[in-house]
Amino acid sequence: MKITVIGSGYVGLVSGACLADLGNDVMCLDIDPRKIELLNNGGVPIYEPGLDDVIKRNIAAGRLRFTTDIAESVTHGLVQMIAVGTPSDEDGSADLQYVIAAARSIARHMSEYKVIVDKSTVPVGTADKVKQAMQEELDQRGINPGFSMVSNPEFLKEGAAIDDFNRPDRIVIGAEDEAAIKIMREMYAPFQRNHERLMVMDIRSAELTKYAANAMLATRISFMNELANLAERVGADIEHVRKGIGSDLRIGYSFLYAGCGYGGSCFPKDVRALQRTSAEYGLPSKVLEAVEQVNNAQKYVLLQKITRRFGTDLKGKHFALWGLAFKPGTDDMREASSRVIMEGLWALGASVTAFDPAAMKETQHLYGERADLRYAVNAKDALHGADALIIVTEWKAFKSPDFSIIKARLKHPVIFDGRNLFEPADMKTLGFEYYGIGREG
């Protein structure tokens, strides 16, 4: 099948490369010539484990191409998959200007039937806006080649996106005409051989499903963080509580880990956008408001623990920080807890030496060179002369460190663990002051 993917960002690149890997003829369009030049030269503009190999393999096989030529891309694909960004607007709503611009570009150049697939995360009703924008362009041209609208939201986790695409829990298809449904079934047929994964529904339900999924996961995280704060007050251990409630099959263990808040490009944006959609329809979204408020506050919990231990005047204090990305497996620092913590420490006069296995370049892009920030070459290097170690991201490389080296290099044997990587009793035996989340008693 000939497929065009519009937008060569995270979702577009992963979707395009994986669809090509299934044998499809895929063309990825982006209006950024530097990005397309990088991709055509074998580079990858984002960090995602395994993606570079998939891209190189399919470029070599002739199944994957990259272009800035809109007319060429529209001519190429029967399926036109829109995978452009939908950033938060000032009021929290999703900014649809890039989605609508992509739709208009398709309509200006198409001369035959197309299936327009919305892969971007968009609010309910976006398909109607896309359809209207395209029809306006076609009416101006005085042609009517016909097109079908499909909502096909992505459910990719950063750091595991290739596996998520190739082994999906479900494939949601929002479509309302049989021709489009038939084409989408054909495109996703390789995933259907083991068992039925396709869920066909109306377009608005598909649009809402994506926001609902992310909002539910964010809700679980904020709920556990709120419980963790309570656990500290009453002398309970949130890890014991997590296991106790997770063993209930109605609840399960996923997304029940207490920590220092969620971040990234999806959960914060999607929770806000769903609140905005509710407001537009005159409905309060009290649960989502609470989810966001709890998460925003949770990003300061480690900072509060640090100031309780070292005081609010941190001039002359220096901290080692392990983990900058919002989660392991990515270099994404959008709304990452590390940013709140570092900026809070700087405001109180402290300095930081930071290390992350993937996000060092992104950190340098965000903060550049400054006197109160040093970039470590590895995790051990970050420890030299620090008053304490702060752990913000649960990278595997941080889970089994040499504690004797940590103790020897720190000025004080103090660890602030924002992801509960270690057992408090073990840390006490090793001679550390250990501050986790919901585990202090």
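Everything in this summary refers to the structure shown in the same document. No experiment lies behind these values; they were computed from the predicted model shown.

### A look at the overall build of the protein chain
For step 1, the next point in the chain: The number of helices and strands found in the protein chain is 17 helices and 14 strands.
For step 2, the next point in the chain: Over its C-alpha atoms the protein chain spans a radius of gyration of 24 Å, differing by no more than 12% from the 22 Å that the globule rule assigns to 441 residues.
For step 3, the next point in the chain: For the protein chain, the proportion of its 441 residues judged to be buried stands at 54%.
For step 4, the next point in the chain: Long-range contacts, defined as pairs at least 24 residues apart, comprise 72% of the intrachain contacts of the protein chain with a sequence gap of at least 6.
For step 5, the next point in the chain: Surface accessibility of the protein chain: about 19,600 Å² in total, with carbon and sulfur atoms responsible for 51%.

### Side note on the sheet that holds strand E8 (residues 198-201)
For step 1, the next point in the chain: Strand order in this open sheet of 8 strands is E3-E2-E1-E4-E5-E6-E7-E8, and the pairing throughout is mixed. Because the sheet does not close on itself, it has two edges, and the strands there are strand E3 (64-67) and E8. Adjacent strand axes in the sheet meet at a mean angle of 25 degrees when their direction is disregarded.
For step 2, the next point in the chain: With 4 bridges joining them, strand E7 (residues 171-175) and E8 adopt parallel strand pairing. Paired with Ile-173 across the strands is Val-200, a residue of E8.
For step 3, the next point in the chain: Across the sheet, helix H5 (residues 97-109) lies against strand E1 (2-6), strand E4 (79-82) and strand E5 (114-118), angled at about 160 degrees from E4, the strand it touches most.

### Points about the pattern of salt bridges
For step 1, the next point in the chain: All chains considered together, the criterion is met by 28 salt bridges.
For step 2, the next point in the chain: Among the salt bridges present, the one from Asp-32 reaches Arg-34, with a minimum N-O distance of 3.8 Å.
For step 3, the next point in the chain: Taken together, the shared-partner salt bridges in this structure form one network comprising Arg-104, Arg-108, Glu-136 and Glu-137.

### With respect to helix H12 (residues 286-298)
For step 1, the next point in the chain: The end-to-end C-alpha separation of H12 is 18 Å, in line with the 18 Å expected for 13 residues at 1.5 Å each.
For step 2, the next point in the chain: All of the buried residues in H12 are Leu-288, Val-291, Glu-292, Val-294, Asn-295 and Gln-298. Down the axis of H12, the smallest arc covering the buried residues is 165 degrees, so these residues share one side. Opposite its buried face, H12 presents the exposed residues Lys-286 and Gln-293, each directed more than 90 degrees away.
For step 3, the next point in the chain: In this structure, the buried residues of H12 make contact with helix H9 (203-234), helix H11 (267-280) and helix H13 (301-310).

### Some points on the environment of Ala-17
For step 1, the next point in the chain: Looking at the secondary structure, you find Ala-17 in helix H1 (residues 10-21).
For step 2, the next point in the chain: Distance from Ala-17 to Ile-55, taken between C-alpha atoms, is 5.5 Å for residues 38 residues apart in sequence.
For step 3, the next point in the chain: Contact partners of Ala-17, with chain neighbours within four places excluded, come to Leu-51, Val-54, Ile-55, Asn-58 and Leu-64.

### Observations concerning the side chain of Ser-338
For step 1, the next point in the chain: Mapped onto the elements of the fold, Ser-338 is located in helix H14 (residues 337-347).
For step 2, the next point in the chain: Under the relative-accessibility criterion, Ser-338 is labelled buried at 0%.
For step 3, the next point in the chain: A distance of 2.7 Å separates a polar atom in the side chain of Ser-338 from the backbone oxygen of Leu-324.
For step 4, the next point in the chain: The contacts of Ser-338, once residues within four sequence positions are left out, are Leu-321, Gly-323, Leu-324, Met-333 and Val-392.

### Thoughts on the sheet that holds strand E12 (residues 388-391)
For step 1, the next point in the chain: Pairing is parallel in the open sheet, where 6 strands are placed in the order E11-E10-E9-E12-E13-E14. Only two strands of the sheet have a single neighbouring strand rather than two, namely strand E11 (373-375) and strand E14 (433-435). Along the sheet, successive strands turn relative to each other by an average axial angle of 20 degrees, direction set aside.
For step 2, the next point in the chain: The pairing of strand E13 (residues 414-417) with E14 spans 3 bridges and is classified as parallel.

The rules behind the values
- Residues numbered from 1 in each chain as written.
- Predicted model: local features only at pLDDT ≥ 70, side-chain atom pairs only at ≥ 80, totals over all residues.
- Heavy atoms only, no water.
- Helix = DSSP H or I, 4+ residues; strand = E, 2+ residues; numbered from the N terminus.
- Rg over C-alpha atoms; globule rule 2.2 N^0.38 Å.
- Buried < 20%, exposed > 50% of the residue type's maximum accessible area, 1.4 Å probe, protein only.
- Contact = heavy atoms within 4.5 Å.
- Areas by Shrake-Rupley, 256 points an atom, 1.4 Å probe, with all protein chains shown as cover.
- Pairing = 2+ DSSP bridges.
- Axes fitted to C-alpha atoms, helices over the stretch in contact; angles between N-to-C directions.
- Salt bridge = Lys/Arg side-chain N within 4 Å of Asp/Glu carboxyl O.
- Expected span 1.5 Å × (residues − 1).
- Arc of directions from axis to C-beta.
- Polar contact = N/O pair within 3.5 Å; in protein donor to acceptor, adjacent residues only side chain to side chain.

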